[in-house]
Each structure stands twice: as C-alpha cells, then as structure tokens.
Amino acid sequence: MPAKITAHDLKAALPDITSTIRTPELDKAVEVYRDRWGIPHIKAENEHDLFFSQGFATAQDRLWHMDFDRHQALGRWSEFAGPSGIARDNLLRAAGMGRTAKLDYEIASPEAKAMIDAYTAGVNAFLDMSKTLPIEYKILDQTPERWENWHCLTVYKMRNTLLGTFEPKLFRTRLAKAIGAERAAELIKGYPKGHLLTVPPGAVYEGTPLEGLDELSKAAEETNWLNEIDAGSNGWSISGELTKSGLPLVAGDSHRALDTPSVYYQIHLSCPDFTIIGYSVPGMPGILHFCHNEYVAWGMTYGGADTQDLFIERFRDGRNGREYLFKGEWQPAEVLNETIEVRGSHPVEIEVTITHHGPVIAGDPKSGKAVTVSDPGLIAGSRWVDAARDAMRSKSVEELHEAFRNWTDRVNNYAVADVQGNFGYLHAGKIPIRSESNGWRAVPGWTGEHEWQGYIPHDELPKAINPDTGYAVTCNQRVAGHDYPYYVGLYFTPEHRARRVQTRILELEPGTATVDDMARIHAERISNPARIFTEALVSADPLDEDSAQAQALLREWDYSMDRDLVQPTLYAKTKANIIRWLVEDLLGDFAEEVISEVPGSSAHLRQIVLQMTLAIERDDNSLFSPRPGSVFSAALRQAIADLKEMLGGDISQWQWGRLHRTHPQHPLSLVFPEFRELLNPPSMPTHGDGDTPLAGSYGLNNEFITTGMSVNRYIHDPSDWTNSRWIVPLGASGHPGSPHYADQAEMWSNVEYIPQLWDWEEIKSEAESQQKLEPAATQK
C-alpha cells in the first residue's frame, strides 16, 4: 500500500532553489534566477557549465517528469503502474528507443556528446546533493536511478518518435480486412482539391483524390491472419513589410494531449557563445523548438510526413535460430529476451524479434508471420543531436536551415524569422524514398520490392524563404503540391485552421502588425466547418419547439467556438450524433473500434468527418441514409434531449465552457486514485475545437473533454526580443506542492500570456529566487 500523503508532504518535497551549490563539476560560477512564474534563467561563463546547470535546474523542477518519460521509453512503466502498463511496455520494448538512443549518442560529434555529458552530470549532481525528492517517489516507495547520457536522447524520442504513422497504417490494414477494400477506399480520399498548401504560401492543392483500392485489396488479402492491435500545431511568420517594426514576427503553438506536468519546460540559457530561450524537453539538453536565440526565431509544427513503414515478414525457427525470408534467402533475425518487472505482480517475459526492417510490433514470429516497423529514428543512429546544437548557434534563417541538414526524428515544419529581416518556412527531417504502396498498408518484406531507396535530399525538401505573399502558414496542412516528385504521405490535416490563420494575416494593414495582432490570431476561434454544418442544420425541418428554438439561436451565430456561448454546444452535440451514426452505418461492427479510439483509428475518423463536411458543402447526399434533412432534424432533437440531461432544462445556460474543459491527470492519479485531489491540477473551460486555430479537440468516446490543445503558445519579435510572449497550460514546476505547478493555467485558458523575459537586468531585479552554483574549489 502507498504511504499516506498530505498537503504538507507536497510542500516538504519541494527542492532547495536558493542555497549556494558547490560542485567539482563546474569550472566557473553559474547564476540561476527564477522569475515570478518559477521559470529558470541560467547564466554561465562557458557551454559545459551552462548545460550542467540546465541538467541540475531541470532535475530540481522536473525529476519525476524525466523519470516517468524514461520508464515509458524503456518499456518499464509497469514497474510504477503495475499490470495496466504491460501492453504499452511490450510495444515500447519492441520499438527499442533505448537501443537507438545509444547509437545516436555514439555517432554524435564530440561537441554534442560533451553537451549531453554535462547535462547528465548536472542531473546526477542534483541526485547526490538534494535532501528532498519529488512526492511521487514517496507514493511509490521508490528512489530514482542514476541518469545516463543516452537517457537524454531516449526521453526526447519518447516525446516525438511515436508521433508517427505506423498505428494508422496498421489500423488501415485491418480496416480493409474488416469492411472490404472497396468500402475503405471510398472513405480515404486524401487531401481535398482546393485546400490550402504550405508551399508555396497561398497556393491550393490541385491534385486528384487518392485511389487506394488496389493497395487496400492487397492489404486485406495479405493480412487475413492479423488481429492485433493526433498530433497537430499552428505556426506562421510574417514579413517586415506587414509589421510596425519593419522586421518579421513568428508565432505559433503546439497541439498535443495535456500531460501533467506540462510536456514542455520553459527555460532561458546564456553563455558567451550563445543565448537562447524557449521550450525544452525535460531530460534533454538545450532548447530544440519553439525558441529564439539572439539572431533567429523558429516555431515548430508536426510535418505529417509518412516515415514509418510496416513490413510483413515471413519467419521460421531452425537449427540456427530464428530466420526471416528476404529475396529468396533466409536471413538471421536478432532475438532479444527481456523481462518486464511489474509492480505488485509477477514479471513478464517477452521476446523481441528484429529484422533489417526493424522490430516486430504486431503478430507472433513463431506463427510464421509478423509485422515489423521501419523508422529512420529506430533502425540506426543519426546525428540529430548535432542538428539541435547547431540550430541553437545559428545566426540566420539560412544557417538554421543548414543546421537542420542532420535532423531526423520527427519530420517537422518550421516557421522562421531572423534579425536581418528574413522569414518563411522550412521542412526538415529524414523522409524515406519509396513508392506510395508503402503508405497505404503493411507491405511484403520478403520480396525486396518495397525497400527504401535512401532519403529525400535535404536541399529538395519544401521551403519558402521570403515568399512574395509576405507570410508563411503551417498548420499541418499538406506541405507541397501534387507535382512534388517524392511520396511524402497520404494524410494531412484539412485546411480549416490554416485558412483562418491566413484570413487573419490578410486582414493586416501593411506596416501595422504587432505582437498584439499575433495574439489575436492565437485567439481565433471561428470554425469554417461549423459554418458549413450549421447552414445545413438550420435549414432542416424542426421536429419540436425545442429544435426550433435551437435553430433560431444558431441562425444568430457567427460560428465562433467561444466558451461563453450556447451555440457551440448545440453544434458540437448535434454534429457528434451525426458522426456517430455515420461511423456506425459505414463501418458496421468495426465502428466501435473507431468510436473507442483504438490506436491508429483517429486518422480514419478524421477522414470520415472530412468527407462528411465536403459532402454537406457540395449538397451531396450519398453518404447519408436516410436523406440529410431527416438526419439533421433527428440529430438535433437527440442532442437537445442529451443536453437537458447533462446541463438542465434551461437552454440559455448551455455554455460551451461548461462541457468543453481540460481534465489534467497526473499519471499516478490513475494508479492511486486516492491521491487524485492532491496530484491533479484544476480543470479549465476552453474555447475552440479541433477545427479552430485556438485548438480544443475532443474524442467521440469522451465527448467535449479537451484532449488536444495548445501545450504552448509563443510570439517572437526579432525587432525587440523583450516584446516576446509565451504561456503553457499548467506551469514551470512538476511538483504538485509548488505554487508554479499550474499558475499559468488560468491565463492560458483566457488566451493571455506572460512576458518572455530576456533582459538580464530585468531578470535579476524581478527574480523570485536566485541560486548560485560554484566550483567546489571556491569553498572556504
């Protein structure tokens, strides 16, 4: 049984952030100032001391967060969570992030290794010196293990590598088997004609719908034995011609699930070689994305590239051990026997099988067939850490682009700007060169017909530097047009968010735009799909007086998904009913897998919703049975009945924010629900939905609880870095007892910001705390 925990225990677990620390690891003294939001600003006299101190300060604030990610990445979460973690541990042991993290470290340059080693030493110095540990260790009756250098790379992979395409691809393979290839092909049409592209800015897609019948037919045939098993963001930059200062602006936000603590850690690092401020990944040195140094600013969104292929392998167990077939010859497979330790239960023995394509992630090689996953970040070491280090030192957009030449994992979009006035968009990462067949399904691995032919050259990746449009917008929409010579991916987010951002930028008068204008774009909550859907809904015949009253309200609506309005609630609930009915009609017995959001299903649900929206816009009745008017009328009546049960009988009190809220959960509150009130941050009402720049997506299985949102917001002003702003949905600290655990939450919910402090005199004068780290030799 876990120890009893009180609010006093939470306070007692907080680290000492004021006493002078002396350690032989330092060459010179380092100052750590924490501002009134608990964000550390670290000033050192050399790079080694800077990264050592970053490791120390991050461990002070986020040690449990780092350890949580480490245990997950290494397939050891069951050691903390018990049997509920076994399935995930199985997958992550197979993925082998720790294996490739070691390879990444080995191939890194001496300078990159030194950065990692210094950070690691800082983490371990905290473990050696601290008299307190995060409260989570008391709950678990555990102590943290030593931090190793390759753990830094492992936790970064944990936060990014699984933002891939293997789960949708595996799900699509099973979908074709379940409902038939022809029906599946009708639902998967890809990026719509006329929707906005990223490159060139302002252009639209002119390609034809996807035709996947042949590939899906093969998927259904070749995997009849298989029965096993959303990321988004906004980013934009505008030219100095549009701004009041005459220099560009960069802004954006990353959309992910709300983790507790916040996934990103705000930090400011400075030494004579460079100064940088932005969002770091706890456990990884430096600042990789959503940041600026003295010369360049960049924000990142998920690139949507398909970089994870599935290969169907044929296996046999013979005298020489396990083998797999490739081009008519049996090759030796690598087999690893591992043990998953399980809290409160017996250990679980697993077997990991690896071919040259990668590890088995579905099926059982002992049966003769299984599926492996290939990923550039999981099959070999790469120098992505050098890319991160070089980016921090870049002095122009062009130098930043060159730094990203070594970037691997994931493929990202970047909105960029520099103090010379350059601005635009970069695409970076390793995208394998192969046919589109690999994108549709799990392909035969034994024939050799689907092997990768290298990677798209860095200089041939899409980019737009100083485009004539005066802006670049990247909101996960399709990156390049149909004539781009390489296969990049099947699925991209529809243009809805990008189009609203573009619209707001085009409304700017030349020479007037400021940081405040960028903040207003962050707050944009008009939904284009809401307009399309609502125009059809209000034209349907009302089935009762309540429906007529609801339609009257909807006719007055400007399609703003504002948390204080009633109309978004009516729209969202009615739309959810129709989507649920449509999924059940289209997928039959397979529908529950989509509604319950099994891994890989959400991308296909988005395709169904997209096809529904396009059909409504075109007045196309083919998707609906019975005719659309009847569906809308029935869905509205059902929505009103449901909302009366949820919110009471007074429709004027059905504000969107009563249902559409965050629900942050500490990972251990699921394991130990008796500590939920002590560990979980407060719930906040939110604007938006999945189609608005002010993001607030939710699933069918847990309607209206905000599950995808802005996990950071930032505005960078190269004309005066002190004008820059930022915010996170919780706080800088990972300690539930800290005043900075969730002190940014209400401001985030209100789409407000805190200043991104840059000037050292201001930082020093306003610091909430100050701590000095000194070389041990200075001790008197």
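Within each chain, residues carry numbers counting from 1 in the order of the written sequence. Only residues with pLDDT of at least 70 are given local features in this predicted model, and only at 80 or more are side-chain atom pairs given and counted; all residues enter the totals for whole chains, interfaces and linings. Heavy atoms throughout the structure, all of them, feed into the side-chain values; hydrogens and water do not.

Draft legend 1. Main features of the overall build of the chain. Of the regular secondary structure elements, the chain holds 28 helices and 26 strands. Against the 2.2 N^0.38 benchmark of 28 Å for 780 residues, the chain shows a C-alpha radius of gyration of 26 Å, consistent with a compact globule. C-alpha extents for the chain along the principal axes are approximately 85 × 70 × 60 Å. Partly exposed describes any residue whose relative accessible area lies between the buried limit of under 20% and the exposed limit of over 50%, with all areas from a 1.4 Å probe on protein chains only and scaled to the type maximum. A burial count over the chain gives 64% of its 780 residues as buried. Only four residue types enter the tally: Lys and Arg on the positive side, Asp and Glu on the negative side, with His and both chain ends excluded. Where a charge lies is defined by one atom per residue type: Lys uses NZ, Arg uses CZ, Asp uses CG and Glu uses CD. Of the charged side chains in the chain, 74 are positive and 109 negative; the average position of the first set lies 2 Å away from that of the second. Helical segments are the DSSP runs of H or I of at least four residues, strand segments are the runs of E of at least two, and each set is numbered from the N terminus. The globule rule used for comparison is 2.2 Å times the number of residues to the exponent 0.38, while the radius of gyration itself is calculated over C-alpha atoms.

Draft legend 2. Looking closely at the pattern of salt bridges. Whenever a carboxyl oxygen of Asp or Glu lies within 4 Å of a side-chain nitrogen of Lys or Arg, that contact is scored as a salt bridge. Tallied over the entire structure, the rule returns 39 salt bridges. Residue Arg 34 is joined to Asp 61 by a salt bridge in which the shortest nitrogen-to-oxygen separation is 3.1 Å. Of this pair, Arg 34 sits in strand 2 (residues 30–34) while Asp 61 sits in helix 2 (residues 47–73), and the two are 27 residues apart along the sequence. Here Arg 34 and Asp 61 have matching classes, each one buried.

Draft legend 3. Structural detail: the environment of Asp 259. Residue position: Asp 259 is located in the loop between strand 5 (249–256) and strand 6 (265–271). Along the primary structure Asp 259 and Val 711 are separated by 452 residues, whereas in three dimensions their C-alpha atoms are 8.5 Å apart. Working rule for contacts: check all heavy atoms of both residues, and any pair within 4.5 Å makes them a contact. Ignoring anything within four residues of it in the chain, the contact list for Asp 259 reads Arg 159 and Leu 730. We call two N or O atoms a polar contact when they sit within 3.5 Å, provided that within protein one can donate a hydrogen and the other can accept it, with sequence-adjacent residues counted only if both atoms are side-chain atoms. At 2.7 Å, the side chain of Asp 259 forms a polar contact with the side chain of Arg 159.

Draft legend 4. Layout of the sheet that holds strand 18 (residues 423–428). DSSP calls a pair of strands paired once it identifies at least 2 bridges connecting them. If you trace the eleven strands from one edge of the open sheet to the other, you get 1-26-2-3-6-7-8-9-17-18-20, paired in mixed fashion. At either end of the open sheet lies a strand with only one pairing partner, and these are strand 1 (21–23) and strand 20 (463–465). Between one strand and the next, the sheet's axes are offset by a mean angle of 15 degrees, whatever the strand orientation. Interaxial angle, 0 to 180 degrees, is taken between N-to-C directions of lines fitted to C-alpha atoms, where a helix line uses only the stretch in contact. Together, strand 1, strand 2, strand 3 (40–43), strand 6, strand 7 (274–280) and strand 26 (769–775) form the strand contacts of helix 2, whose direction differs from that of strand 6 by roughly 160 degrees.

Draft legend 5. Structural context of unusual backbone geometry. The omega torsion of the bond from Val 199 to Pro 200 falls at -5 degrees, within 30 degrees of zero and hence cis. Position of Pro 200 among the secondary structure elements: in the loop between helix 10 (181–187) and helix 11 (213–222). For the bond running from Thr 260 to Pro 261, omega is 0 degrees, close enough to zero to count as cis. For Pro 261, the location among the structural elements is in the loop between strand 5 and strand 6. Positive phi, close to 55 degrees, is recorded for Phe 290, a residue that is not glycine. Within the secondary structure, Phe 290 sits in strand 8 (residues 289–293). The class for Phe 290 is buried, based on a relative accessible area of 0%. Positive phi, normally seen in glycine, also occurs at Asn 466, with a value near 50 degrees.

Draft legend 6. Local environment of helix 8 (residues 149–160). Along helix 8, eleven of the twelve residues are buried, which leaves the element largely enclosed by surrounding structure. The set of residues buried in helix 8 consists of Trp 150, His 151, Cys 152, Leu 153, Thr 154, Val 155, Tyr 156, Lys 157, Met 158, Arg 159 and Asn 160.

Draft legend 7. Structural view of the packing of aromatic side chains. Stacked, edge-to-face and tilted labels apply to pairs of Phe, Tyr and Trp rings (six-membered ring for Trp) whose centres lie within 6.5 Å, assigned for plane angles under 30 degrees, over 60, and everything in between, in that order. Summed over all chains, the structure comprises 31 aromatic pairs. A ring pair is formed by Phe 56 and Phe 126, whose centres lie 5.8 Å apart and whose planes are at 85 degrees; its orientation type is edge-to-face. Taken together, the residues span a long stretch of sequence, with Phe 56 in helix 2 and Phe 126 in helix 6 (residues 110–129) at a distance of 70 residues. Each member of the pair, Phe 56 together with Phe 126, is buried. With a centroid separation of 6.1 Å and an interplanar angle of 80 degrees, the aromatic rings of Tyr 156 and Trp 407 are classed as edge-to-face. Pair check on accessibility: Tyr 156 and Trp 407 agree, each one buried. Three or more aromatic residues link up through ring pairs in this structure, and these residues are Trp 64, Phe 68, Trp 77, Phe 80 and Tyr 137.

Draft legend 8. A look at the environment of Ala 480. Turning to its location among the elements, Ala 480 is positioned in the loop between strand 21 (471–474) and helix 16 (496–506). Accessibility expressed as a relative area gives 12% for Ala 480, which makes it buried. Taking the C-alpha atoms as reference points, Ala 480 and Leu 461, separated by 19 residues in sequence, lie 9.4 Å from one another. Contacts of Ala 480, omitting those with residues within four sequence positions, involve Leu 197, Val 199 and Pro 462.

Draft legend 9. Seen up close, the pairing of strand 7. Among the seven residues that make up strand 7, seven are buried, leaving the element largely enclosed by the rest of the structure. Two strands pair when backbone bridges link them, and strand 6 and strand 7 are joined in this way by seven bridges, in the antiparallel orientation. For Leu 269, the partnering residue across the bridge sits in strand 7 and is Ile 276. Hairpin geometry of strand 6 and strand 7 is characterised by an intervening segment of two residues between the two adjacent antiparallel strands. Sheet topology places strand 7 next to strand 8; four bridges connect them, and they run antiparallel. Paired with Tyr 279 across the strands is His 289, a residue of strand 8.

Draft legend 10. Looking closely at the nonpolar core. Core analysis: the largest hydrophobic core is formed by 128 residues, its most contacted members being Ile 238, Trp 298 and Ile 505. Ignoring sequence-local partners within four residues, the contact set of Ile 238 consists of Thr 243, Pro 248, Leu 249, Phe 423, Gly 470, Tyr 471, Ile 505, Leu 508, Ala 513 and Met 518. Take the buried Ala, Val, Leu, Ile, Met, Phe, Trp, Tyr and Cys residues and link them wherever side-chain atoms come within 4.5 Å; each set so joined is a nonpolar core. In this structure, Ala 591, Met 612, Val 631 and Trp 656 belong to the second largest nonpolar core, which totals 60 residues.

Draft legend 11. Looking closely at the confidence of the model for the chain. A residue's pLDDT is the predictor's confidence in that residue, given on a scale from 0 to 100. Summarising the model, the chain shows a mean pLDDT of 91, and 95% of its residues fall at 70 or more. Confidence over residues 225–230 falls short of pLDDT 50; this stretch has 24 contacts with residues more than four positions distant or in other chains.

Draft legend 12. Broad picture of the state of the cysteines. Any two cysteine sulfur atoms within 2.5 Å of one another count as a disulfide. Taken as a whole and assessed by the stated rule, the structure comprises zero disulfides. Free cysteine Cys 271: the closest other cysteine sulfur is in Cys 291, separated by 15 Å. The exposure class of Cys 271 is buried, given its relative accessible area of 6%. Cys 475 takes part in no disulfide bond, and the closest cysteine sulfur to it belongs to Cys 291, at a distance of 19 Å.

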